Every structure is written in structure tokens, then in C-alpha cells.
Amino acid sequence: MDDFLYFDKQHAIFVHDNIIEKSGGILGALNLGLLDSVLEHIKNDLYYPTIEEKITHLFFSVNKNHAFNDGNKRSSIALSAYFMEINGYGFEVSKFVTEMENIAVDVADDRIDKDLLFEIICAILYEHDYSDELKLKLIEAKSNI
């Protein structure tokens, strides 16, 4: 079992506030308990034993649970990228951020579920490009508007 590095709620709030200050939006939180919850859950190696599962849960939960007034999609990208960085996947952060800019909207709009998100994250981490099968799943998901 790998030893993972984690960040705390204060760091997540700092990242969120920095995003809002630089790109616009409404500062503040709706429910920081939701943020606490996801940051604690990803530490549970019984439920989320791999880096891919931890990133998927972190991204999905920050994106969907709306702990913040605004910037949840942007925060889901930034916090997941930071988690990758501190756990030795910094070499994929640029690719992750680029790919997830569009994916974040589709997750928020319920076009991409958590299972498909997991496949996308695995592809970003370990493949040069999406497989044809994953591309077809994405086309289908995006066409269900």
C-alpha cells in the first residue's frame, strides 16, 4: 500500500479563494462540512486505495457537492491537480488541467458520472490519448444533453 500525502481544509479554502480572486466569482462557503467530508474520505484506503480512486472522489465531490458559493468546478480541478502534484504525478498536471476544463462542466451537468470520470482520470494518468472506446463513451455522454 502506498503512503499518500494529503492537504487540509485550510489549504483547500486558500486555493479556492485564490481562484476566485484571480478569475472572478463569489467568495465564501455554503457548507464546509462537505469539504471536510471529502478530504477525510480520500484518506480511507479501504474505499479509495489507489491514486486514481482518490483523485476521482476528490474531483467529483468538490465539483458536485458545492461546498463553496462559487468556483466549485475550478476548485475541483485545482485541488485534484495539487493532490496529483504532492503525490508524484506532477508530470501529468498540465495535461490533467487542460483535459478537465471541459470535463468539469460535463460532471457538473450530470453528463459524466463518477465511473466514466474514473476512466478519464486513468487515461490521463497512464495513456497517451483516450482509447477509441473511451472516446465513444465521451461522445455518447456529451450527446445526452
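To be clear, the structure that these remarks concern was listed above.
All values derive from a computational prediction rather than experimental measurement.

**Overview of the layout of surface pockets**
Where empty space is left becomes clear once a probe the size of a water molecule has been rolled over the atoms.
Then, in step 1: There is about 170 Å³ of room inside the largest pocket.
Then, in step 2: In terms of lining, the largest pocket is formed by 13 residues, of which the most central are Asp70, Gly71, Asn72, Lys73 and Arg74.
Then, in step 3: Those elements that provide at least two residues to the lining of the largest pocket are helix H4 (72-86) and helix H5 (93-108).

**Overview of the packing of helix H3 (residues 51-65) against H4**
Then, in step 1: H4 packs onto H3 with a crossing angle of 160 degrees between their chain directions and a minimal axis gap of 8 Å. As the angle between them shows, H3 and H4 are arranged roughly antiparallel. Viewed along their axes, H3 and H4 form a crossing whose handedness is right-handed. On H4, the residues touching Ile51, Lys54, Ile55, Leu58, Phe59, Val62 and Asn63 of H3 are Asn72, Lys73, Ser75, Ser76, Ile77, Leu79, Ser80, Phe83 and Met84.
Then, in step 2: Its residues assigned to classes, the contact of H3 with H4 comprises nine nonpolar, five polar and two charged.

**Quick notes on the environment of Leu27**
Then, in step 1: Mapped onto the fold, Leu27 is located in the loop between helix H1 (9-23) and helix H2 (32-41).
Then, in step 2: Taking relative accessible area as the criterion, Leu27 reaches 42% and is therefore assigned partly exposed.
Then, in step 3: When the C-alpha atoms of Leu27 and Asp113 are compared, they prove to be 27 Å apart, with 86 residues separating the residues in sequence.
Then, in step 4: Beyond its immediate stretch of four places on either side in the chain, Leu27 contacts Asp17, Ile20, Glu21 and Asn69.

**Looking at the packing of aromatic side chains**
Then, in step 1: Scanning all chains against the criterion turns up six aromatic pairs.
Then, in step 2: Centre to centre, the rings of Tyr6 and Phe83 are 5.8 Å apart; their planes meet at 40 degrees, and the pair counts as tilted. Within this pair, whereas Tyr6 is found in the segment before H1, its partner Phe83 is found in helix H4, the two being separated by 77 residues in sequence.
Then, in step 3: Tyr6 sits in the partly exposed class, given a relative accessible area of 28%.
Then, in step 4: Ring plane angle 80 degrees and centroid distance 6.4 Å describe the contact between Tyr89 and Tyr126, whose orientation is recorded as edge-to-face. Placement of Tyr89 in the loop between H4 and H5 and of Tyr126 in helix H6 (residues 114-126) is noted, with a sequence separation of 37 residues between them.
Then, in step 5: Exposure remark for Tyr89: the relative accessible area of 18% places this residue in the buried category.
Then, in step 6: The exposure class assigned to Tyr126 is partly exposed, which follows from its relative accessible area of 46%.

What counts, and at which threshold
- Starting from 1, residues in each chain are numbered consecutively following that chain's sequence as written.
- Side-chain atom pairs in this predicted model are given and counted only at pLDDT of 80 or more, local residue features only at pLDDT of at least 70, and totals for whole chains, interfaces and linings cover all residues.
- As a convention, hydrogens and water are excluded, and side-chain values are obtained from all of the structure's heavy atoms.
- Think of a 1 Å grid over the protein atoms and nothing else: a 1.4 Å probe that fits but is trapped marks a cavity, an open set flanked by protein within 12 Å on at least five of seven lines marks a pocket, and residues with an atom within 4 Å of a point count as lining.
- Grid points are joined across faces, edges and corners, and a volume is the space filled by probe spheres set on the points.
- Working definition: helices are DSSP H or I runs of at least four residues, strands are E runs of at least two. Numbering for both runs from the N terminus.
- Axis definition: a line fit to C-alpha positions, over the contact stretch in the case of helices; interaxial angles, taken between N-to-C directions, run 0 to 180 degrees.
- Note on terminology: angles under 35 degrees are roughly parallel, angles over 145 are roughly antiparallel, angles of 65 to 115 are roughly perpendicular, and the others are oblique.
- For any helix crossing, the convention is left-handed if the near helix is rotated counterclockwise from the far helix by under a right angle, and right-handed if that rotation is clockwise.
- In this analysis, two residues are considered to be in contact whenever any of their non-hydrogen atoms come within 4.5 Å of each other.
- Only Asp, Glu, Lys and Arg are considered charged, only Ala, Val, Leu, Ile, Met, Phe, Trp, Tyr, Cys and Pro nonpolar, and every remaining residue, Gly among them, polar.
- Residue burial is assigned from relative accessible area. The probe radius is 1.4 Å, only protein chains are included, and a residue is buried under 20% of its type maximum, exposed over 50%, and partly exposed in between.
- Side-chain rings of Phe, Tyr and Trp (the six-membered ring for Trp) are treated as a pair once their centres are within 6.5 Å; stacked means planes under 30 degrees apart, edge-to-face means over 60, and tilted covers the remaining angles.

Keep in mind these values describe shape, not function.
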